[in-house]
Number of protein chains: 2
Amino acid sequence: MRKNVIREILRVVSQPGMMSLAGGIPAPETFPVEELYRINETVLDRYGAAALQYDLTEGFAPFREALVGYLTQKGISADAENLLVFNGSQSVLDTLGKILITPGDVIALESPSYLGAISAFSSYTPEYVSIETDDDGIVPASLERVLDQQPIKFLYLVTTFQNPTGRTLSVQRRREVAEIIKAKNALVIEDDPYGDLRFRGQPVPALHAFAPENTVYVSTLSKIFAPGLRLGFCVAPPLIREWLYRAKQGADLHSNTYAQALATEYICGGFIERQVPKIIELYRPRQEAMLAALERHMPGEYRWIKPEGGMFIWVEGPADVDAEQIYWKAVEQKVAFVPGKYFYINPEDGLPTMRLNFTRVDEATIEAAIETLAGVVRQIDGD
Amino acid sequence: MRKNVIREILRVVSQPGMMSLAGGIPAPETFPVEELYRINETVLDRYGAAALQYDLTEGFAPFREALVGYLTQKGISADAENLLVFNGSQSVLDTLGKILITPGDVIALESPSYLGAISAFSSYTPEYVSIETDDDGIVPASLERVLDQQPIKFLYLVTTFQNPTGRTLSVQRRREVAEIIKAKNALVIEDDPYGDLRFRGQPVPALHAFAPENTVYVSTLSKIFAPGLRLGFCVAPPLIREWLYRAKQGADLHSNTYAQALATEYICGGFIERQVPKIIELYRPRQEAMLAALERHMPGEYRWIKPEGGMFIWVEGPADVDAEQIYWKAVEQKVAFVPGKYFYINPEDGLPTMRLNFTRVDEATIEAAIETLAGVVRQIDGD
């Protein structure tokens, strides 16, 4: 239902001349198209028919080895045995829903939360409960309260540069959350698609590093290689890994061998080390342009945080504003974004919030779009 | 459980020196590795970043257009609107199970049936009922009886060169089955992975052609391009297509864009027309070698049909034989196959049957393997 409203809202985005801050997908300029001519050749030379054949359910062995190295650099201790490769991280989330959720189970979500995860879990008909958040991510006291109030099947979090808010769970909070999770013997699904898109500041260790036995770490190459290759993966405790393996075997046998071989060469051939800085150098000025334009144009009663990376900026207006009203007026002036209320479980929450994406539009367009948006905001405030 | 027994049985297949007739996968020599150097270049030249970006849940538009043309040649009337692309046909079967099966629903299967389908459906906990088969496929009177006895959610069939038996539902039978299905307003899932692997005789129209409103047609490019690319698809009546679409959106967003772009060029660039005859010219002599060796070596009380294509030959021994006994003795002499009983729902059925695959081994190995197998058979018959 909610999904349909959003689809309706996003339909206008494809109108000609629209300046869209509504998307959530990478800029196509970030894909290593030129490099892929060479990567393809190397893959065909090196693996030949093996890159085109049926393969293991858990994933192409050289790719899992490559991922172990990649994850080690990020402080996540994995081995090729506890890694599983899926058809995008959406498929990890769906399969976790399939093996873990019995109808009526309660799932804890940070509020607001990533819609794709809610969509994946909802087909298994759980109930949801929200955990309060602030600029440092979920509030530990709220988490503790929720875990005490009822049995929670799992907690789902995007820990770094969250979608929709851009927020990062601080290191101190990660420690506290890990302690609570371990003390209550709870399970966390840590989704980390954006962690590598860091423009400033120091990398933060994954929550998985503080509580590996209670965490399923989920990530993807969609934001640092190419989303069309559908390369998601997870590191899971042994029992959950075994259940995921069995479910995946029945559901789709295995993930695309050829795409995994391309990704192996992308990682091991050193392409990733050159490409990620290029992606950051494209996105950073766009984010800076958006922050500067917000500063310049938005009325004083609007606030936003300045994430150190990711793809989104989250803007909050005064409590009496409904950002959907802003949305419809902005669209008339050819600016689109996503009203933030759609990312909340409780339909009364998040009315004055907006999710602004900066990855698909250049700096000049961002400046023009934010100036227009601010004009609409002032007009609505004046009504 | 059954799956684990088979895994155990197949484990020995990878022992050095094993002559394996146990597999069910294409020969790697059939993959167009050389052609893929060029196909990759064309795809990057033509689609660039679009082949690497997020894409539509229903599938890459040029690929769906290409499939419409490919299916038209096979007598299946589809349009780009009622086609859906999945991560292999296994994922079509899993998603059909997800949207259609309520626990306890009864699914009708031909007996014996394809194990991968049973594995996909079983996670949604249906009951199964078997339909009798003979050399022309399912027996219409048995189908009618089963449909009259209880509500059947759907009937699942591999209509051409079936796995495990190699049998093809005859044209006359297709007409009769279609009439029954329409009269009872029943739903058939027609799985057709092997139809293009025809060595002799005339192509048979899909069951879908006789009852399109009651049939979900499922197929794959795994046997005529490359299974590692995981390119399955289906043509479904509008309501089921909509349910599949929604389920897939939540489950994995969309299938691999790049693989679909490769397949588009494989079909539209004329590669498929040159490659399929090459695949047939590899498999046909292997099948002929197996049929000749069976004729030469197997005792008179064993029988098999001569399929006009596909990947398997199905051998039936006298009623008092248990082919698993043959299996363990054959393995000692370095010949592996799959005992046919594992393809039946009822554990007492199919004891004297064997599934022999001829696609992964050359003619000389086939001759040696069948001679050895026949020796074991005689020895067991003599015990």
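Residues numbered from 1 in each chain as written. Chains lettered and ligands numbered in written order. Predicted model: local features only at pLDDT ≥ 70, side-chain atom pairs only at ≥ 80, totals over all residues.

Draft legend 1. Fine view of helix α6 (residues 140–149) of chain B. Residues and elements named next belong to chain B. Every buried residue of α6 is accounted for by Leu 143, Val 146 and Leu 147. Down the axis of α6, the sector holding all buried residues measures 95°, keeping them to one side. Summarising the geometry of α6, the exposed residues directed more than 90 degrees from the buried face are Ala 141, Arg 145, Asp 148 and Gln 149. Next to the buried residues of α6 lie β3 (106–110), β4 (127–131), β6 (137–138) and α7 (171–183). (Buried ≥ 20, exposed ≤ 12 C-beta atoms within 10 Å, placed from the backbone. Helix = DSSP H or I, 4+ residues; strand = E, 2+ residues; numbered from the N terminus. Arc of directions from axis to C-beta. Contact = placed C-beta atoms within 7 Å.)

Draft legend 2. A look at the relation of the copies chain A and chain B. Mapping chain A onto chain B leaves a residual RMSD of 0.0 Å; the transformation is a rotation of 180° accompanied by 0.0 Å of translation along its axis. Here the symmetry operator amounts to a two-fold rotation axis. Within chain A, the C-alpha atom positioned nearest to the axis of rotation is that of Asn40(A), 3.5 Å from it. Mapped onto chain B, 100% of the interface residues of chain A again fall at the interface, so both copies present the same surface. (Least-squares fit on C-alpha atoms with pLDDT ≥ 70 in both.)

Draft legend 3. Spotlight on the domain arrangement of chain A. Residue and element names in this part refer to chain A. Per the domain assignment, the segments of chain A are domain 1 (2–24 + 277–382) and domain 2 (33–269). Computed from C-alpha atoms alone, the centre-to-centre distance between domain 1 and domain 2 is 27 Å. Between domain 1 and domain 2, the residue contacts involve 25 residues of the former and 23 residues of the latter. Counting residues per element, the ones that place at least two in the side of domain 1 that touches domain 2 are α11 (271–297) and β12 (312–316). Top contributing element to the side of domain 1 that touches domain 2 by residue count: α11, with five residues. By residue class, the composition of the side of domain 1 that touches domain 2 is 13 nonpolar, seven polar and five charged. (Domains from an automatic or database assignment. Nonpolar A, V, L, I, M, F, W, Y, C, P; charged D, E, K, R; others polar.)

Draft legend 4. Local environment of the sheet that holds β12(A). Residue and element names in this part refer to chain A. Spatial strand order, β11-β12-β15-β14: four strands in an open sheet with antiparallel pairing. Strands with a single pairing partner mark the edges of an open sheet, and in this sheet they are β11 (303–304) and β14 (338–339). With two bridges joining them, β14 and strand β15 (residues 353–357) adopt antiparallel strand pairing. Across the sheet, residue Pro 339 finds its bridge partner in β15, namely Met 354. (Pairing = 2+ DSSP bridges.)

Draft legend 5. Broad picture of helix α5 (residues 115–122) of chain B. Within α5(B), six of the eight residues are buried, which leaves it mostly tucked inside the rest of the structure. Every buried residue of α5(B) is listed here: Gly116(B), Ala117(B), Ile118(B), Ser119(B), Ala120(B) and Phe121(B).

Draft legend 6. Region of the structure containing the interface of chain A and chain B. At the junction of the two partners, chain A supplies 38 residues and chain B supplies 38 residues. A per-element tally of the side of chain A that touches chain B places helix α2 (residues 33–47) of chain A first, with six residues. Residue composition of the side of chain A that touches chain B, by class: 20 nonpolar, 13 polar and five charged.

Draft legend 7. Just the packing of helix α12 (residues 323–332) of chain A against helix α13 (residues 363–382) of chain A, in detail. Residues and elements named next belong to chain A. It is the contact of α12 with α13, at a shortest axis distance of 9 Å, that shows an interaxial angle of 125°. Classified by the angle their axes make, α12 and α13 are oblique. Classified by chirality, the crossing of α13 by α12 is right-handed. Only Thr 372, Leu 373, Val 376, Val 377, Gln 379 and Ile 380 of α13 make contact with α12, whose side of the interface consists of Gln 325, Ile 326, Lys 329 and Ala 330. Partitioned by chemical class, the residues of the contact of α12 with α13 number six nonpolar, three polar and one charged. (Axes fitted to C-alpha atoms, helices over the stretch in contact; angles between N-to-C directions. Parallel < 35°, antiparallel > 145°, perpendicular 65-115°, else oblique. Left-handed = near helix turned anticlockwise from the far one by under 90°.)

Draft legend 8. Just the sheet that holds strand β15 (residues 353–357) of chain B, in detail. All names here are of chain B. The four strands are arranged β11-β12-β15-β14 in an open sheet whose pairing can be described as antiparallel. Edge positions in the open sheet fall to β11 (303–304) and β14 (338–339), since each of these has one partner strand only. As judged from the five bridges shared by strand β12 (residues 312–316) and β15, these two strands associate in the antiparallel manner. Across the sheet, residue Val 315 finds its bridge partner in β15, namely Met 354.

Draft legend 9. Representation of the environment of Gln149(B) within the structure. Residues and elements named next belong to chain B. Tracing the chain through its elements places Gln 149 in helix α6. Residue classification places Gln 149 among the exposed residues on the basis of 10 C-beta atoms within 10 Å. Expressed as a C-alpha distance, the spacing of Gln 149 and Val 331, which sit 182 residues apart in the sequence, is 43 Å.

Draft legend 10. Structural context of unusual backbone geometry. The amide bond that connects Asn163(A) to the next residue, Pro164(A), takes the cis arrangement and shows omega of 20°. Looking at the element boundaries, Pro164(A) is found in the loop between β7 (154–158) and α7 (171–183). Of the consecutive residues Ser111(B) and Pro112(B), the connecting peptide bond is found in the cis state with omega at 5°. Mapped onto the fold, Pro112(B) is located in the loop between β3 and α5. One non-glycine residue, Arg230(A), lies in positive phi territory at about 50°. Within the fold, Arg230(A) resides in the loop between β9 (215–220) and β10 (231–235). At Asn185(B), a residue that is not glycine, the phi angle is positive and equals roughly 50°. Residue placement: Asn185(B) occurs in the loop between α7 and β8 (188–191).

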